[in-house]
Amino acid sequence: IVESTLGRDASRMDLHQHIIIDAPAARTWSVLGERFMHIGEWASPISSSCAIESSQPGVGATRACTTASFGPVKAGVIKERLIAFDEERMSFAYEAVSGMPGFIAGAVNRWSVEQLANDRSCVHVHATVALRGLVRMFSWLFKLQFLVGGARVGQELKHFIETGAPHPRKRKTLSIARFAGLPE
């Protein structure tokens, strides 16, 4: 389920996603929370990811993500810092601290895992993206691109947790990186 609301301020987009995973919440949390630094293992827009300084997730920990194009965001390196991390509640939030294109004034992403049944969980995602400049007039287009990209990443997360293997889209990006001699 993917939905979006554009707040009162046309420069701010709130994007919500709920992903049902056929796996226990503990396994889902292990991939998302405990392995926060390793999003590059399963998300196709992220060519690779690594910790900067501390490899343990917690408030202040930062990761660097080498990205392919994702919606309106061009390829590059984005650094993301955890601003909240609650292992007991299986939730975290992070903000982009560098590497975002100039038309994005800020981005915060909040994730949480909910146990639905013994072998079923739900990932809740709430992303807030603030746009600046003339791009704000086209916020509806950026919203659409982020929604499509976010839905794809949700499918990749679901596949990775349920099967233990990267989604075919991610495997394809890994093959391209190997062929080009790029780091994975």
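Up top you'll find the structure we're talking about.
Note that this is a predicted model, so its numbers are computed, not measured.

J.: Looking at this structure, I do not really get the overall build of the chain. What am I missing?
T.: In terms of helices and strands, the chain carries 3 helices and 8 strands. Listing every helix and strand of the chain by position from the N terminus yields β-β-α-β-β-β-β-β-β-α-α. Relative to its 184 residues, the chain shows a buried fraction of 41%. For the chain, the accessible area works out to roughly 9600 Å², and carbon and sulfur atoms hold 56% of it.

J.: It is not clear to me how the nonpolar core should be interpreted in this structure. Could you clarify?
T.: Generally speaking, soluble globular proteins have nonpolar side chains that are buried together. If you look at the biggest cluster of nonpolar residues, it comprises 27 residues, and the most contacted ones within it are L32, W42, F92, W111, V123 and L157. Mapped by element, the contributors of at least two residues to this core are β2 (12–21), α1 (25–34), β6 (91–98), β7 (104–117), β8 (120–131) and α2 (139–163). With residues near it in sequence (within four places) discarded, L32 still touches W42, F92, W111, V113, V123 and L157. Core analysis: the next-biggest nonpolar cluster, separate from the first, contains 14 residues, M13, F103, V129 and F142 among them.

J.: Sorry, what's going on with the side chain of E80 here?
T.: Tracing the sequence through the fold places E80 in strand β5 (residues 76–86). In this structure the side chain of E80 is engaged in a polar contact, spanning 2.6 Å, whose partner is the side chain of R63. The contact partners of E80, leaving out residues within four places of it in the chain, are A61, T62, R63, C65, Y94, E95, A96 and V97.

J.: Before we go on, may I ask you to explain the side chain of S49 in this structure?
T.: Within the secondary structure, S49 is located in strand β3 (residues 46–52). Accessibility expressed as a relative area gives 16% for S49, which makes it buried. For S49, the side chain forms a polar contact with the main-chain oxygen of M37, separated by 2.8 Å. Of note is the side chain of S49, whose polar atom sits 2.9 Å from the backbone nitrogen of G40. Setting aside chain neighbours within four positions, we find S49 in contact with M37, H38, I39, G40, A64 and C65.

J.: When you look at α1 in this model, what are you seeing that I'm missing?
T.: Given 3.6 residues per helical turn, the α-helix brings residues three or four places apart onto the same face. A25, T28, W29, V31, L32 and G33 are the residues of α1 that are buried. End-on, the buried residues of α1 take up no more than an arc of 165°, which puts them together on one face. Looking at the buried side of α1, the elements it contacts are β2, β5, β6, β7, β8 and α2.

Reading guide: rules and limits
Each residue is numbered by its place in its chain's sequence as written, counting from 1. Given that this is a predicted model, residues contribute local features only at a pLDDT of at least 70 and side-chain atom pairs are listed and counted only at 80 or more, while totals for whole chains, interfaces and linings are drawn from all residues. Each side-chain value is worked out from all heavy atoms of the structure, with water and hydrogens disregarded. In DSSP terms, a helix is any run of H or I states spanning at least four residues, a strand is any run of E spanning at least two, and both are numbered starting from the N terminus. Burial classification: accessible surface area is computed with a 1.4 Å probe over protein chains only, and a residue below 20% of its type maximum counts as buried, one above 50% as exposed, and the rest as partly exposed. Each accessible area is a Shrake-Rupley estimate made with a 1.4 Å probe; only the visible protein chains count as cover when residues are assessed. Residues belong to one nonpolar core when they are buried, are Ala, Val, Leu, Ile, Met, Phe, Trp, Tyr or Cys, and are joined through side-chain atoms within 4.5 Å. Whether two residues are in contact is decided by their heavy atoms: any pair within 4.5 Å suffices. We define a polar contact as two N or O atoms separated by no more than 3.5 Å, with the added condition that, inside protein, one atom must be a possible hydrogen donor and the other a possible acceptor, whereas residues neighbouring each other in sequence contribute only through side-chain atom pairs. It is the directions from the helix axis to the C-beta atoms that the arc portrays.

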